[in-house]
Amino acid sequence: MTNDNGNQAVPMVTANASTSRTPALVAAEKLEKYFEINFKRWKQKMFFYLTTLSLQEFIKEYVLVLPNETPKNEHFLVIEVWKHSNFLCKNYILSGMEDDLYNFYSGVETSKELWTALEKKYKTEDVGLKKFIVAKFLDYKMVNNKSVITKSRNCKIFIEGLVINEAFQVPAMIEKLPPLWKDFKNYLKYKQKEMFLEDLIVRLRIEETTKLLKREAVETQQ
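Residues numbered from 1 in each chain as written. Predicted model: local features only at pLDDT ≥ 70, side-chain atom pairs only at ≥ 80, totals over all residues. Heavy atoms only, no water.

Observations concerning the overall build of the protein chain
Phase 1: Secondary structure assignment for the protein chain yields 10 helices and zero strands.
Phase 2: Reading the secondary structure of the protein chain in the N-to-C direction produces α-α-α-α-α-α-α-α-α-α.
Phase 3: Looking at the 222 residues of the protein chain, the share that counts as buried comes to 36%.
Phase 4: Total accessible area on the protein chain stands at roughly 14,500 Å², and carbon and sulfur atoms take up 55% of it. (Helix = DSSP H or I, 4+ residues; strand = E, 2+ residues; numbered from the N terminus. Buried < 20%, exposed > 50% of the residue type's maximum accessible area, 1.4 Å probe, protein only. Areas by Shrake-Rupley, 256 points an atom, 1.4 Å probe, with all protein chains shown as cover.)

Structure follows, in structure tokens:
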């Protein structure tokens, strides 16, 4: 589109426009966290998520460049809105990554730099990377002061996409239960009936809720 002088017109961007497209949502709250596997699928989901927020353009450009003849007040406003939207886009992407990756990439300045860095590192998922994920899964530990349900969900994400059947996944996850779950872990280990992964997570949720209620009851009596 051109203006009356035949020059390319600069789209009018206002603070209100930026605000109207910024939803009151936790960044990437509906996306699974990226754990260095299945990058292609995660990338597609993240791109769709950014598109619903009208932020997808910010992974394609490093810095907004305006014509020299742009009035100073308009130049300042447009650049500030661009910086704000780029900040949102970058942090939506970061929030869709597990904590270690979030910390590693949080210093990147623009959404484009972040997106490019992720593509360069994870676009090719080879056997070596999958071996790394398996090793990370085997070293994955649950601790007493963290929610077992949250850890179990994360543990499940680690092995998603790898060919590992539930006959291995279920006992492996049981072995990762924290020390305070020793009695319940023994109960699950010697249970004769076959258990699927989702069944295990349901049982863990019930047990965790029971433990929480008992602890609250004891604290109330004190």
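There's more to say after this.
A closer look at the packing of helix 9 (residues 182-189) against helix 10 (residues 197-221)
Phase 1: Two elements in contact, helix 9 and helix 10, have axes whose closest approach is 12 Å; the angle formed by their N-to-C orientations is 150 degrees. Considering their axes alone, helix 9 and helix 10 lie roughly antiparallel with respect to each other. With respect to the hand of their crossing, helix 9 and helix 10 are arranged in right-handed fashion. Contacts between helix 9 and helix 10 involve Phe 184, Tyr 187 and Leu 188 from the former and Leu 200, Arg 203, Leu 204 and Glu 207 from the latter.
Phase 2: Tallied by class, the residues present in the contact of helix 9 with helix 10 amount to five nonpolar, no polar and two charged. (Axes fitted to C-alpha atoms, helices over the stretch in contact; angles between N-to-C directions. Parallel < 35°, antiparallel > 145°, perpendicular 65-115°, else oblique. Left-handed = near helix turned anticlockwise from the far one by under 90°. Contact = heavy atoms within 4.5 Å. Nonpolar A, V, L, I, M, F, W, Y, C, P; charged D, E, K, R; others polar.)

Here's the deal with the pattern of salt bridges
Phase 1: With the rule as written, the count across this model stands at five salt bridges.
Phase 2: Two residues, Lys 83 and Glu 80, come together in a salt bridge whose shortest N-O distance is 3.8 Å. With Lys 83 and Glu 80 both in helix 3 (residues 72-95), this residue pair falls three residues apart, about one helical turn.
Phase 3: Note that Lys 211 is salt-bridged to Glu 207, the shortest N-O span being 3.6 Å. Of this pair, Lys 211 and Glu 207 both sit in helix 10, separated by four residues, roughly a single helical turn.
Phase 4: With a relative accessible area of 27%, Lys 211 lands in the partly exposed category. (Salt bridge = Lys/Arg side-chain N within 4 Å of Asp/Glu carboxyl O.)

Everything listed is a geometric property; what it means functionally is a separate question.
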